[in-house]
Amino acid sequence: VVGASNAGVAAEVGADMVLVANGGLGSTFDELELNRVLCESHGVDVAGVIVNKILPSKLDQTRDYLSRALMQRWGVPLLGCIPDRPFLGCPALADLERLFDTRLIGGGRHRFRHYRVPDINLVTTSLKRFLENVRQKPSRTLYVSHVTRDDIILGFLGEYTRLKRRGVPFESALILCGRENKYDVCPQILDILKDPELADVPIMIAKMSTHDAMGAMRTLTPKLNIGDNHRVEIAVEHYEPHIDFELLLERTSSPVPLSEEEVMEAATRSSTLGAAAETAAAAAVASTEAVLS
């Protein structure tokens, strides 16, 4: 993070910009227009547009409308329209480690196991009801409980042990929440969690309230991680057919590639010009009111 906009860095290194926006029609075009004007204020050419996360049922309609609108108004091509793939937005345990600034107590080899947001369950029930839910819900369910619920922690570990003895996969995970310097896992429970026999159980501690943890997970946008081979492979397979890479390379080819050091130097220069650039961009954006209307 260097305090510079993408447009500012592109201007410094002499690069063109590819604008990326999430799916839609009117709101998407307005968002793209604002970014185009920011690029224009920095003297950066827009090479093309990629629209992401489009409802599959709206894919053809969106592609047809935006491809015509972009060429008619800006003279730039639509390089890709990507249908939504919900799995790519499912957080892995590694994403939650970063979100909560913590590490798994156990189950480290499952760090790249993914969980659907609808399968995140806050535990507020009795132990009896919790165990009933564990046996009824999908095996890959993420449970969130307060750190003081010793009964839930022991019940979760007991269910893992029971299924392990039967050779049945247990893919659930448990997040224990408690505000820092106010609530902690009791030492005896922590000793049990660190027992080598339970080293494969994915459990982590988040030092915040259950309410804040649930909110953070529901608004989380997971990022691709180079170590998450499964998600990377699915992303490549999903995106590749929907992007015109030949046109993308044609529109963005640079005769003299810059080194990493040159790019960082340019980014630093751009950040020192932030005030002037932002003032110019703000004026340019304000001037688009008539265009957007």
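As the structure is a computational prediction, the values presented were derived from the model and not from experiment.

Quick word on helix α6 (residues 150-166)
Then comes step 1: A rise of 1.5 Å per residue sets the reference length of α6, with its 17 residues, at 24 Å; its end C-alpha atoms lie 25 Å apart and thus fit the reference within 8%.
Then comes step 2: Residues of α6 that are buried include every one of Ile-152, Ile-153, Gly-155, Phe-156, Leu-157, Glu-159, Tyr-160 and Leu-163, and no others.

Details of the environment of Asn-22
Then comes step 1: Checked against the element boundaries, Asn-22 lands in strand β1 (residues 17-22).
Then comes step 2: Spatially, the C-alpha atoms of Asn-22 and Val-51 are 5.5 Å apart, while their sequence positions differ by 29 residues.

Some points on the packing of helix α5 (residues 127-136) against α6
Each pair of packed helices can be described by the angle between their axes along with the distance between the axes.
Then comes step 1: One can describe the packing of α5 onto α6 by two numbers: an axis separation of 10 Å at closest approach and a directional angle of 35 degrees. Helix-helix and strand crossings are classified by hand; for α5 and α6 the assignment is right-handed. Of α6, the residues touching α5 (which contributes Leu-127, Phe-130, Leu-131, Val-134 and Arg-135) are Asp-151, Ile-152, Gly-155, Phe-156, Glu-159 and Arg-162.
Then comes step 2: Looking at side-chain class alone, the contact of α5 with α6 contains six nonpolar, one polar and four charged residues.

Remarks on the sheet that holds strand β6 (residues 142-146)
Then comes step 1: Taken together, the five strands give an open sheet; going across it, the order is β4-β8-β7-β6-β5, and neighbouring strands pair in mixed fashion. What marks the edges here is a single partner per strand, and that holds for β4 (104-106) and β5 (120-122). Adjacent strand axes in the sheet meet at a mean angle of 25 degrees when their direction is disregarded.
Then comes step 2: Looking at chain direction, β4 and strand β8 (residues 203-206) are connected through two bridges and run antiparallel. When the bridges of β8 are listed, Gly-106 appears paired with Ile-203.
Then comes step 3: In the packing of helix α4 (residues 93-100) onto the sheet, the strands contacted are β4, β6, β7 (173-177) and β8, and the crossing angle to β8 comes to about 20 degrees.

What about the pairing of β7?
Then comes step 1: Counting buried residues along β7, five of its five residues qualify, which places the element largely inside the surrounding structure.
Then comes step 2: Of the pairings in the sheet, the one linking β6 to β7 comprises five bridges and is parallel in character. Following the sheet pairing, Leu-142 is matched in β7 by Ala-173.
Then comes step 3: Taken together, β6, α6 and β7 constitute a β-α-β crossover, and its handedness is right-handed.
Then comes step 4: Bridge count for β7 against β8 is four bridges, and the pairing is parallel. Bridging across to β8, Cys-177 finds its partner in Ala-206.
Then comes step 5: Chirality of the crossover, the property in question, places the unit of β7, helix α7 (residues 187-193) and β8 among those that are right-handed.

What about unusual backbone geometry?
Glycine aside, a negative phi is what most residues show, and trans is what most peptide bonds show.
Then comes step 1: Of note, the phi angle at Lys-53 is positive, near 55 degrees, even though the residue is not glycine.
Then comes step 2: Within the secondary structure, Lys-53 sits in strand β2 (residues 46-54).
Then comes step 3: One non-glycine residue, Asn-181, lies in positive phi territory at about 65 degrees.
Then comes step 4: Looking at where Asn-181 falls in the secondary structure, it is placed in the loop between β7 and α7.
Then comes step 5: Assessed through its relative accessible area of 76%, Asn-181 is described here as exposed.

A look at the side chain of Asp-95
Then comes step 1: Inspection of the secondary structure puts Asp-95 in helix α4.
Then comes step 2: You can call Asp-95 buried: its relative accessible area is 5%.
Then comes step 3: Contacts of Asp-95, omitting those with residues within four sequence positions, involve Cys-90, Leu-220, Pro-222, Lys-223 and Arg-231.

Thoughts on the pattern of salt bridges
Then comes step 1: Within this structure, the stated rule accounts for 18 salt bridges.
Then comes step 2: One salt bridge connects Asp-60 with Arg-63, and the closest N-O pair in it is separated by 3.1 Å. Within this pair, Asp-60 and its partner Arg-63 are both found in helix α3 (residues 59-73), separated by three residues, close to a single helical turn.
Then comes step 3: Residue class for Arg-63 comes out partly exposed when judged on its relative accessible area of 33%.

What counts and how
- Residues numbered from 1 in each chain as written.
- Predicted model: local features only at pLDDT ≥ 70, side-chain atom pairs only at ≥ 80, totals over all residues.
- Heavy atoms only, no water.
- Helix = DSSP H or I, 4+ residues; strand = E, 2+ residues; numbered from the N terminus.
- Expected span 1.5 Å × (residues − 1).
- Buried < 20%, exposed > 50% of the residue type's maximum accessible area, 1.4 Å probe, protein only.
- Axes fitted to C-alpha atoms, helices over the stretch in contact; angles between N-to-C directions.
- Left-handed = near helix turned anticlockwise from the far one by under 90°.
- Contact = heavy atoms within 4.5 Å.
- Nonpolar A, V, L, I, M, F, W, Y, C, P; charged D, E, K, R; others polar.
- Pairing = 2+ DSSP bridges.
- Right-handed = clockwise from strand over helix to strand, strands pointing away.
- Salt bridge = Lys/Arg side-chain N within 4 Å of Asp/Glu carboxyl O.

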